[in-house]
Amino acid sequence: MFRIDWNRRTCSRRGHITYAPDEADLRGRLHAHTALGDAWRCLRCGDFALGAPHGSGPADEAPLVPRGKALRDLFILRFLAVERALRGLLILIVAWGVWRFSNSQDAVRRIFDENLSVFRPVTDHFHWDLEHSPIVDTIRRTFEYKHSTLLIVAGALVLYALIEIVEAVGLWVGARWAEYLTVVATAAFLPLEVYELTEHVSALKIGTLVLNILAVLWIMLSKRLFGLRGGVVAFEAEKHSASLLEVETAAGTAHGTHPAPAV
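Residues numbered from 1 in each chain as written. Predicted model: local features only at pLDDT ≥ 70, side-chain atom pairs only at ≥ 80, totals over all residues. Heavy atoms only, no water.

Peer 1: Honestly, the packing of helix H6 (residues 147-172) against helix H7 (residues 176-199) in this entry has me stumped. Any pointers?
Peer 2: The geometry of a pair of packed helices is captured by two quantities: the angle between their axes and the separation between those axes. Orientation of H6 relative to H7, taken along the N-to-C sense of each, is 145 degrees, at an axis distance of 8 Å. Crossing of H6 against H7: the hand is left-handed. For the pair H6 and H7, the contacting residues are Tyr160, Ile163, Val166, Glu167, Gly170 and Leu171 in the first and Trp177, Ala178, Glu179, Leu181, Thr182, Ala185, Thr186 and Phe189 in the second. Of the residues belonging to the contact of H6 with H7, the class tally is nine nonpolar, three polar and two charged. (Axes fitted to C-alpha atoms, helices over the stretch in contact; angles between N-to-C directions. Helix = DSSP H or I, 4+ residues; strand = E, 2+ residues; numbered from the N terminus. Left-handed = near helix turned anticlockwise from the far one by under 90°. Contact = heavy atoms within 4.5 Å. Nonpolar A, V, L, I, M, F, W, Y, C, P; charged D, E, K, R; others polar.)

Peer 1: I would appreciate a short explanation of the packing of helix H1 (residues 6-14) against helix H3 (residues 69-102) in the present structure.
Peer 2: Running from N to C, H1 and H3 cross one another at 65 degrees; their axes reach a closest spacing of 9 Å. Residue-level contacts link Trp6, Asn7, Arg9, Thr10 and Arg14 of H1 to Leu71, Arg72, Phe75 and Arg78 of H3. Among the residues making up the contact of H1 with H3, the classes are represented as three nonpolar, two polar and four charged.

Peer 1: Would you explain the layout of surface pockets in this entry?
Peer 2: Regions of empty space are outlined by a rolling probe, equal in size to a water molecule, passed over the atoms. Approximately 480 Å³ is the volume attributed to the largest pocket. Lining the largest pocket we find 16 residues, and of these Arg87, Tyr160, Glu193, Glu196 and Thr208 sit closest to its centre. Mapped onto the lining of the largest pocket, the elements with two or more residues apiece are H3, H6, H7 and helix H8 (203-222). In the lining of the largest pocket, the residues fall into nine nonpolar, two polar and five charged. (1 Å grid on protein atoms, 1.4 Å probe; cavity = no way out; pocket = protein on both sides within 12 Å on 5 of 7 lines; lining within 4 Å. Points joined across faces, edges and corners; volume = space filled by probe spheres on them.)

Peer 1: Looking at this structure, I do not really get the side chain of Arg29. What am I missing?
Peer 2: Inspection of the secondary structure puts Arg29 in helix H2 (residues 24-30). Polar side-chain contacts of Arg29 include one of 2.4 Å to the side chain of Asp25. (Polar contact = N/O pair within 3.5 Å; in protein donor to acceptor, adjacent residues only side chain to side chain.)

Peer 1: Before we go on, may I ask you to explain a negative patch on the surface in this structure?
Peer 2: Together, Asp22, Glu23, Asp60 and Glu61 give the surface a local cluster of negative charge. Its location among the elements puts Asp60 in the loop between strand E5 (55-57) and H3. (Patch = residues over 30% accessible without salt bridge, like charges linked within 9 Å, V, L, I, M, F, W, Y side chains within 5 Å. Areas by Shrake-Rupley, 256 points an atom, 1.4 Å probe, with all protein chains shown as cover. Salt bridge = Lys/Arg side-chain N within 4 Å of Asp/Glu carboxyl O. Lys, Arg positive; Asp, Glu negative; His and termini not counted. Charge placed at Lys NZ, Arg CZ, Asp CG, Glu CD.)

Peer 1: How do you make sense of the nonpolar core when you look at a structure like this?
Peer 2: Soluble globular proteins tend to bury their nonpolar side chains together. One finds Leu77, Leu80, Ala81, Ala168, Leu171, Ala175, Ala178, Val183, Ala215, Val216, Ile219 and Leu225 forming the largest nonpolar core, which totals 12 residues. The set of elements that each furnish at least two residues to this core consists of H3, H6, H7 and H8. When residues no more than four places from it in sequence are discounted, the contact partners of Leu225 are Arg176, Glu179, Tyr180, Val183, Ile219 and Met220. Counting residues in each nonpolar core, the second largest holds five residues, with Leu26, Leu30, Trp40 and Ala59 among its members. (Core = buried A, V, L, I, M, F, W, Y, C linked by side-chain atoms within 4.5 Å. Buried < 20%, exposed > 50% of the residue type's maximum accessible area, 1.4 Å probe, protein only.)

Peer 1: Explain the pairing of strand E3 (residues 37-41) to me, please; I cannot follow it from the model alone.
Peer 2: Strand residues, when the strand is regular, have side chains that alternate between the two faces of the sheet. Inspection of the sheet shows strand E2 (residues 31-34) paired to E3 by four bridges, in the antiparallel sense. Counted as the bridge partner of Ala32 is Ala39 from E3. Linking two consecutive strands that pair antiparallel, namely E2 and E3, is a turn of two residues. In this sheet, strand E4 (residues 48-50) lies alongside E3 in antiparallel orientation, the contact comprising three bridges. Across the sheet, the residue bridging to Trp40 is Ala49, located in E4. Adjacent in sequence and paired antiparallel, E3 and E4 are bridged by six residues, among which Gly46 carries a positive phi angle near 90 degrees. (Pairing = 2+ DSSP bridges.)

Peer 1: Explanation requested: the pattern of salt bridges in the structure shown.
Peer 2: Between side chains of opposite charge, a pair can form as their charged atoms come close. Here the structure, examined in full by the defined rule, presents 10 salt bridges. Here Asp5 ties to Arg8 by a salt bridge, and the two come within 3.0 Å at their closest N and O atoms. Between Glu167 and Arg84 there is a salt bridge, and its shortest N-O distance comes to 3.3 Å. Taken as a pair, Glu167 in helix H6 and Arg84 in helix H3 lie far apart in primary sequence, 83 residues in all. With relative accessibility at 0%, the residue Glu167 sits in the buried group. Given the relative accessible area of 0%, Arg84 is considered buried. Through salt bridges that share partners, Glu83, Arg84, Arg87, Glu164 and Glu167 make up one connected network.

Right, dumping it as structure tokens:
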């Protein structure tokens, strides 16, 4: 079965992250002398990389570099972040359209009625009552909405878009508050998405509903939100247990058992 090595995949794209701890024993296990110069073990993939370390200091002040499962989870969160950002931008465009429409309803109505007559010969040929079709009736009903109502709709859409964009930014950086916000906001709109399916079924609506349900369940369980699976204490313990420095400190692995330095 094909498995992605998230650590090396990320290092190949972004480069290694090395650190020289002050503790002599740990420092020795992360450092190697080669014919080409000093090499330090990457905190992400574990391979040795030539050159000076990117940082140094006490081991407990070393950067907590996501690796393994944490790195994979971050990739999924960023996928969701991109989806949220695109959705937020789309909703902003719709809000702008509603606002523009609210300021020129009469002009839009005239343009619509004038251009509707262009399609009448075709629809008459196929004996389709264009004047009373559901699509035309729906569009005409929007012309009856009050200016103030349309402004409220535009404002609500802007608020919704901002929530989506804030979610996107928070998920991209892996902020825990963004995970809570995403779960609450997404779950709040699930009933509306189900209701929309009862009105009209489409592949896009079904796909969006399934994606949102899976996103809510995955974030809640994998990030241990709302006290699930031990809550934040278990989540932090799991995150730190994957740290290369903590693994090295706990295991006390002999220096000679590490992978050969990359040259």
